[in-house]
Amino acid sequence: MSGFRRGTRLGIDVGRARVGVAKCDPDGLLATPVETVPRDDASVTRIVALSDEYSAIELYVGLPLNMRGEDTASTQDARDFAGALAAASGLPVRLVDERLSTVSAHAALRSSGRTQRSSRNIVDQVAAVVLLQQALDVEKSTGRPPGTPVPQEPA
């Protein structure tokens, strides 16, 4: 675990209708679901409140790329959301590749016996758990923070 920075982080899966939020323990051992936040004008404020509540040191926002690593229709939306979080929270925000996180979340829920319909309210949280756990694993294996930092805009 050399180079791993101790502290709670939040994983954020940005969607058009909902935003899934997950957190990890300070040692980065386990990512767990926190909340599904409705995507509206109060989304950023709610996530900032959650980051305060859990004393997060960093926020990881999933960056939706296609399988070739190229931007998708949702990529700019995620970048804009990450920028708004960085400006509102004052915390470091990093964009992390989230390819297959939603697919993995649906598969995990299906294997636990849940239908797609019964999973709708939690799939975003599970996708946030998947992307956060992947980000933690990257930092632990490389000793470097995952993803790309979002520039802090001057206030």
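The structure contained in this document is the topic of the report that follows. (Residues numbered from 1 in each chain as written. Predicted model: local features only at pLDDT ≥ 70, side-chain atom pairs only at ≥ 80, totals over all residues. Heavy atoms only, no water.)

Focus: the packing of aromatic side chains
Per the counting criterion, the structure on display carries 0 aromatic pairs. Lys-140 extends its terminal NZ or CZ atom over the ring of Phe-4, reaching a point 5.1 Å from the ring centre. (Phe/Tyr/Trp six-rings, centres within 6.5 Å; stacked < 30°, edge-to-face > 60°. Lys NZ or Arg CZ within 6 Å of the ring centre and 35° of its normal.)

Observations regarding the sheet that holds strand 5 (residues 93–97)
Across the sheet, which stays open at both edges, the 6 strands sit in the order 3-2-1-4-5-6 with mixed pairing between neighbours. At either end of the open sheet lies a strand with only one pairing partner, and these are strand 3 (31–38) and strand 6 (148–149). As judged from the 5 bridges shared by strand 4 (residues 58–63) and strand 5, these two strands associate in the parallel manner. Residue pairing for strand 5: Leu-59 is matched across the bridge by Val-93. Here helix 1 (residues 43–53) sits on the sheet in contact with strand 1 (9–14), strand 2 (18–24), strand 3 and strand 4, set at roughly 150° to strand 3. The strands touched by helix 5 (residues 123–142) are strand 1, strand 2, strand 3, strand 4 and strand 5; relative to strand 2, the strand with the most contacts, the crossing angle is about 40°. (Pairing = 2+ DSSP bridges. Helix = DSSP H or I, 4+ residues; strand = E, 2+ residues; numbered from the N terminus. Contact = heavy atoms within 4.5 Å. Axes fitted to C-alpha atoms, helices over the stretch in contact; angles between N-to-C directions.)

Some remarks on the nonpolar core
Core analysis: the biggest nonpolar cluster contains 24 residues, and Ile-12, Ile-47, Leu-59, Val-61, Phe-81, Leu-85 and Val-93 have the highest contact counts within it. Elements with a minimum of two residues in this core: strand 1, strand 2, helix 1, strand 4, helix 2 (75–89) and strand 5. Broken down by element, the residue count for this core peaks at 5 residues, all from helix 2. Ranked by size, the runner-up nonpolar core spans 12 residues in total, among them Phe-4, Val-129, Leu-132 and Ala-135. (Core = buried A, V, L, I, M, F, W, Y, C linked by side-chain atoms within 4.5 Å. Buried < 20%, exposed > 50% of the residue type's maximum accessible area, 1.4 Å probe, protein only.)

A closer look at unusual backbone geometry
Although it is not a glycine, Ser-55 sits at a positive phi angle of roughly 50°. Its location among the elements puts Ser-55 in the loop between helix 1 and strand 4. Under the relative-accessibility criterion, Ser-55 is labelled exposed at 54%.

A few points about the pairing of strand 2
With 5 of 7 residues buried, strand 2 is to be regarded as a mostly interior element. With 5 bridges joining them, strand 1 and strand 2 adopt antiparallel strand pairing. Residue Asp-13 lies in a different strand from strand 2, and its bridge partner there is Gly-20. Where strand 2 meets strand 3, 7 bridges bridge the pair, whose relative direction is antiparallel. The residue bridging Val-21 from the neighbouring strand is Glu-35, located in strand 3. Remark: 6 residues form the turn of the hairpin made by strand 2 and strand 3, two consecutive strands paired antiparallel; Gly-28 in that turn has positive phi of roughly 65°.

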